[in-house]
Every structure is written in structure tokens, then in C-alpha cells.
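Single-letter residue listing:
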Amino acid sequence: MKPTQYLAFLLLPTVYFSQTDQSKFIYDDLDITVEKPDKNKSYDANYNEDNKIYKPGKKLTYSYSIVKNNQNYLIKKGNLEMQPEGFSVAGWEFVEFEKQNDETVNYITIEPHPGNAFAGVDPSYNQTAIEYKYAMKNNDFFSMETTGVIENEMNVWIHPPRNIYFKILELNPFPYIKAPYKIGTKWKWSLEIGDHWSDERWLKWEGGIENKYEYEIREKKNINTKLGNLECYIVYGKAKSRIGETELTSYFNEQFGFVKLEYKNIDGSKTFFELEKAE
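Below you will find a few notes about this structure. (Residues numbered from 1 in each chain as written. Predicted model: local features only at pLDDT ≥ 70, side-chain atom pairs only at ≥ 80, totals over all residues. Heavy atoms only, no water.)

## What to know about the pairing of strand β9 (residues 155–158)
Right, on to step 1. A two-sided burial pattern is seen for β9, the buried positions comprising Asn155 and Trp157 on one face and Val156 and Ile158 on the other.
Right, on to step 2. When strand β8 (residues 141–151) meets β9, the two strands line up antiparallel, connected through 3 bridges. Residue pairing across strands places Val149 opposite Ile158, the latter belonging to β9.
Right, on to step 3. Connecting β8 to the next strand, β9, in antiparallel fashion are 3 residues.
Right, on to step 4. Where β9 and strand β10 (residues 176–178) come together, 3 bridges link them in antiparallel fashion. In the sheet register, Val156 faces β10, and the bridge partner there is Ile177. (Buried < 20%, exposed > 50% of the residue type's maximum accessible area, 1.4 Å probe, protein only. Helix = DSSP H or I, 4+ residues; strand = E, 2+ residues; numbered from the N terminus. Pairing = 2+ DSSP bridges.)

## Focus: the pairing of strand β13 (residues 228–241)
Right, on to step 1. Two elements, strand β12 (residues 209–225) and β13, share 13 bridges in a ladder whose sense is antiparallel. By the bridge assignment, Glu214 is partnered in β13 with Lys238.
Right, on to step 2. Between β12 and β13, which pair antiparallel one after the other, the connecting turn spans 2 residues.
Right, on to step 3. Direction of pairing for β13 relative to strand β14 (residues 244–253): antiparallel, over a ladder of 9 bridges. Residue pairing for β14: Lys240 is matched across the bridge by Glu245.
Right, on to step 4. Once β13 ends, the chain turns through 2 residues before running back antiparallel as β14.

## Some remarks on unusual backbone geometry
Right, on to step 1. Look at the link from Ala179 to Pro180: it is a cis peptide, with omega at 5 degrees.
Right, on to step 2. As for its placement among the helices and strands, Pro180 is situated in the loop between β10 and β11 (186–193).
Right, on to step 3. With a phi close to 60 degrees, Asp31 is a non-glycine residue in the positive phi region.
Right, on to step 4. One can find Asp31 in the loop between β1 (25–27) and β2 (33–35).
Right, on to step 5. On the basis of relative accessibility, which here comes to 24%, the residue Asp31 falls in the partly exposed class.
Right, on to step 6. Of note in the backbone geometry, Ile164 takes a positive phi value of approximately 45 degrees without being a glycine.
Right, on to step 7. Within the fold, Ile164 resides in the loop between β9 and β10.
Right, on to step 8. Judged by relative accessible area, which is 9%, Ile164 ranks as buried.

## Notes on empty space enclosed by the protein
Right, on to step 1. By the definition in use, this model includes 2 cavities of 30 Å³ or more.
Right, on to step 2. One number sums up the size of the largest cavity: a volume of about 130 Å³.
Right, on to step 3. If you trace the largest cavity, you find 13 residues lining it, with Tyr62, Ile110, Tyr132, Pro161 and Leu261 closest to the centre.
Right, on to step 4. A per-element tally of the lining of the largest cavity places strand β15 (residues 257–264) first, with 3 residues.
Right, on to step 5. In the lining of the largest cavity, the residues fall into 13 nonpolar, no polar and no charged.
Right, on to step 6. By volume, the second largest cavity is sized at about 40 Å³.
Right, on to step 7. Lining the second largest cavity are Leu171, Ile209, Asn211, Ala239, Lys240, Ser241, Ile243, Gly244, Glu245, Thr246 and Ile266.
Right, on to step 8. Within the residue set of the lining of the second largest cavity, elements represented by two or more residues are β12, β13 and β14. (1 Å grid on protein atoms, 1.4 Å probe; cavity = no way out; pocket = protein on both sides within 12 Å on 5 of 7 lines; lining within 4 Å. Points joined across faces, edges and corners; volume = space filled by probe spheres on them. Nonpolar A, V, L, I, M, F, W, Y, C, P; charged D, E, K, R; others polar.)

## Description of the nonpolar core
Within soluble globular proteins, side chains that are nonpolar tend to cluster in buried spots.
Right, on to step 1. Counting residues in each nonpolar core, the largest one holds 66 residues, and the members touching the most others are Tyr64, Phe166, Trp189 and Phe273.
Right, on to step 2. If one sorts the elements of this core by residue count, β13 sits on top with 6 residues.
Right, on to step 3. In this structure Phe166 touches Tyr64, Ile108, Tyr134, Pro161, Thr271 and Phe273, once residues within four positions along its chain are discounted.
Right, on to step 4. In this structure, Tyr43, Tyr47, Phe118 and Ala129 belong to the second largest nonpolar core, which totals 5 residues. (Core = buried A, V, L, I, M, F, W, Y, C linked by side-chain atoms within 4.5 Å. Contact = heavy atoms within 4.5 Å.)

Fair warning: the whole summary comes from geometry, so function is off the table for now.
In C-alpha cells, the structure reads:
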């Protein structure tokens, strides 16, 4: 079983794909283009060693902010919350940016890992494993989660952080860019999402939904970032389902990946990420 268990549909730019060595690639169960595995090679040789951005041993650190009703918020650890399974976990709360405390999440890090982190549940997993860590002001971690990223010459696609408050991002377009990297490239995708992602703090619903996405590379320009002036492709994504619409504008640099992410959420709020450090 893979961390993301949903079906998806993808339309590829026919012209570009026909000019690429198709024997090197296959579609995974999400219909994202992945490397065709060579049984004579290790997992790392198949999926990880050729990564330029999300390479095992690297660490990317992001700041974030949440905007609701023209007020800036972060997330902090809240009271214990009883789970349906009968155990308790630490809950989360919004905190105004000016009122943060030692248990406020200030940064989110991405750390790619070697090998197949999901070999015990799915030996055919075909993504680079990444670990998200939610770092609090006191240098402890509120939470951690392991998921995956796909990086190759055909596309870069990554699961967003989806723990605590960031579950809301499951409803938005995922950070995703497809070749050819040029203004005007368009593609579509879709994803089935269960109601366990619902939350009364943004939206409750019952039954599954199907998010249908449309993406387009709209601009290529230099932008100011915490890492300096970087050339970025600006990708606009829109998602639509029976429960509403969401958006994502992402800024993709070929060396550092998605350096800025601007989400418009299902409840009208906005979530912003900016890459602060690449190690």
C-alpha cells in the first residue's frame, strides 16, 4: 500500500513525450511519469541517485504563513485530542503571528532519504522518500511524516505537507511541473480524495470527492528569494470538485525546486511557503 492510495488521470503533452525515450519511463498508480525500474539496479540507482533537487542527504527548510480574514497566523501545539481509535494525540491551534510561543511551528523541513522507506508495506514503491518535520520555536518537533516525491526529466511532483493543519493542502493542486519547461505548457490530472481529509475548521463533507486539476506554466522570470535572485517557472494550478475550488501558484527553480508556494484554500484562506535554506 502506498502512502497515497488514490487513483489519478494524467494527460501528457504528446509532442514532447513522443520525442523522449519512452522506454525509460512508465506511469505509476497515480499516472505520474516515473523511471522504469531496472531489476538489476538498487532502489537508489533506479529512483534516487539521478535526483538533482530532492537528493538523499539534502535538507530544505521552509517558512510558512496562513492568512485568514486579513490576519497572519502560524500553528502551535494545542490540547490533547481523543482519537476514534481510543488514544490521544496533541492537537493544534492557530496562533496570531505576534503571539507565538515556544510550541509554535516556525519551520517545515524536507529531508529526502535513501532506499525504499515503504519496503515493508509496498516493495514496488517508486518514489524518493521524503520526511517532513514540523519544527517548533523551542527546537523540538511537533510532528513528522514520511511521504514521497517524483523527480525525473519528465516531471517533478511532490506530496505537500499534510499533517496537523496542513491536511487542508490535500484539497489543493499538488506542487507539480511537467516538461517541456516553457511558457504555455499545459496538462491535466485528477485525484480521488476521501472524507477523512475533512475538518470542521475548514470544511466537512461525506463520501469521496474527485479533484480535477488544470496546470499551466505561465511565466518564466527572475524573482527575489531568500537564496538570492533565482530564475523560476511560475506554474498556475486549479482544482475543482463537488465541494469547491482551490488554487496553487508555484515558483519552480531547476536547482532548488519549488522555492515559493501560494495556496488558495477551500475555505478562502491562503497558505504561503518560502524556501529559507538549502543544505
